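The lines below spell out each chain.
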Amino acid sequence: MRGYQRLGYGVAVLLLASSAFHLVVYAIDGGSWAGPVSWRKPILFGFSFGMTLLSLVWVAGRLRLTSRRGRWLVGALSVASTVEVALIAVQRWRGVPSHLNFSTTADAVVSATLAGFAFVGLIPPIVIMTVLAFRELDASPSMRVAIRAGLAVLLLSQVAGGALIANGRAIGLPPEATDLSIFGAAGQLKVPHAVTLHALQVLPVLAALLTLTTWTERARTRLVAVASAGYGGLIAVSVLQAARGLAPADLTVTSGAVLLVSVATFTVVGMMTLARVRPPRRRHGSASSILV
């Protein structure tokens, strides 16, 4: 493990610890889970940024990176993630909204900083890593499918995040006055953003579990591809509902059918995998990770 990976993993653990800390605070302090000023924000943002950074640092270890490029990519992701989570936590402790809050000069600076670090410190490294992953990746065929699909979906999450910000600016009201993530009548832009954010954890974990089965690598690759398609269906439904201004549960016949097929596809692949998982055989004198 290289130094920049240790740095990235360390920062990711701190972000997850921040999420856990604020979960304890929420359990003690209580209050509403929803709304622009709630403990939900430092909890979920700390968890999401922590898990995403963990995944990206792990992927970086499977790319053919020079030490300089690795330090730049992981360093930028680590700094941007830390700033995002820290400012969101600070705003919650101050009792004010973190995003799209321009009520005071300080709040406007925080909102601008959050947007700036997202566009400068997060998106470029993710784009670069995605491009590199499609060119050369040190992983098995099934894991390559999982990583590439996860990174591609992660790029979509950045687009969804940008749509959230653009929608909030278009509404033009303070975050305390209305839910700035609502598009149209009831479309919830937070849903596609959340769904697309965690494919990079879900799909590689599935690929790793498949290495503990007796299936051939060719079969594992096909199963990961099928699961990726199922995950894509979930994304399509969330985007379709939001774009039409429909609440996530207000399904149409089309979106309901796609959702049913997608959930069934992913569930069946997951159940088949778990049913075939066998404990890894220990090799005398050596130990290795299943995430290869």
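See the structure above.
Reference entry: report on the structure contained in this document. All values reported here derive from a predicted model rather than from experimental measurement.

Rules used throughout
Residues numbered from 1 in each chain as written. Predicted model: local features only at pLDDT ≥ 70, side-chain atom pairs only at ≥ 80, totals over all residues. Heavy atoms only, no water. Helix = DSSP H or I, 4+ residues; strand = E, 2+ residues; numbered from the N terminus. Rg over C-alpha atoms; globule rule 2.2 N^0.38 Å. Buried < 20%, exposed > 50% of the residue type's maximum accessible area, 1.4 Å probe, protein only. Contact = heavy atoms within 4.5 Å. Areas by Shrake-Rupley, 256 points an atom, 1.4 Å probe, with all protein chains shown as cover. Core = buried A, V, L, I, M, F, W, Y, C linked by side-chain atoms within 4.5 Å. Polar contact = N/O pair within 3.5 Å; in protein donor to acceptor, adjacent residues only side chain to side chain. Salt bridge = Lys/Arg side-chain N within 4 Å of Asp/Glu carboxyl O.

A closer look at the overall build of the protein
Thinking step 1. Within the protein, the regular secondary structure consists of nine helices and two strands.
Thinking step 2. Ordered by position from N to C terminus, the α and β elements of the protein give α-α-α-α-α-β-β-α-α-α-α.
Thinking step 3. Here the protein has a C-alpha radius of gyration of 20 Å; the compact-globule value for 292 residues is 19 Å, and the two agree.
Thinking step 4. The principal-axis extents of the C-alpha atoms in the protein amount to approximately 60 × 50 × 40 Å.
Thinking step 5. Here the protein, with 292 residues, has 43% of them falling under the buried criterion.
Thinking step 6. The long-range share in the protein, meaning contacts at least 24 apart out of those at least 6 apart in sequence, stands at 74%.
Thinking step 7. When the accessible surface of the protein is totalled, it reaches about 14,600 Å², and 68% of it is carbon and sulfur.

So, the nonpolar core
Thinking step 1. Grouped together as the largest cluster of nonpolar side chains are 48 residues, with contacts concentrated most on L56, V59, L63, M129 and M143.
Thinking step 2. Those elements that provide at least two residues to this core are helix 1 (3–29), helix 2 (40–60), helix 3 (67–94), helix 4 (105–135), helix 5 (141–171), helix 7 (199–210) and helix 8 (217–243).
Thinking step 3. Beyond its immediate chain neighbours, meaning those up to four positions away, L56 contacts L77, I126, M129, L151, L154 and L200.

Remarks on the side chain of Q241
Thinking step 1. Residue placement: Q241 occurs in helix 8.
Thinking step 2. Residue classification places Q241 among the buried residues on the basis of a relative accessible area of 3%.
Thinking step 3. In terms of polar contacts, Q241 uses its side chain to reach the backbone carbonyl oxygen of D250, at 2.8 Å.
Thinking step 4. When sequence neighbours within four positions are dropped, the list of residues in contact with Q241 reads G187, L246, A247, P248, D250, L251, T252 and S255.

Quick word on the pattern of salt bridges
Thinking step 1. In total, this model carries three salt bridges according to the counting rule given.
Thinking step 2. Salt-bridge contacts for R64 lead to E136; the nearest nitrogen and oxygen are separated by 3.9 Å. With R64 in the loop between helix 2 and helix 3 and E136 in the loop between helix 4 and helix 5, this residue pair connects regions lying 72 residues apart in the sequence.
Thinking step 3. Judged by relative accessible area, which is 65%, R64 ranks as exposed.
Thinking step 4. For E136, a relative accessible area of 28% corresponds to the partly exposed category.
Thinking step 5. Note that D107 is salt-bridged to R94, the shortest N-O span being 2.8 Å. Of this pair, D107 sits in helix 4 while R94 sits in helix 3, and the two are 13 residues apart along the sequence.

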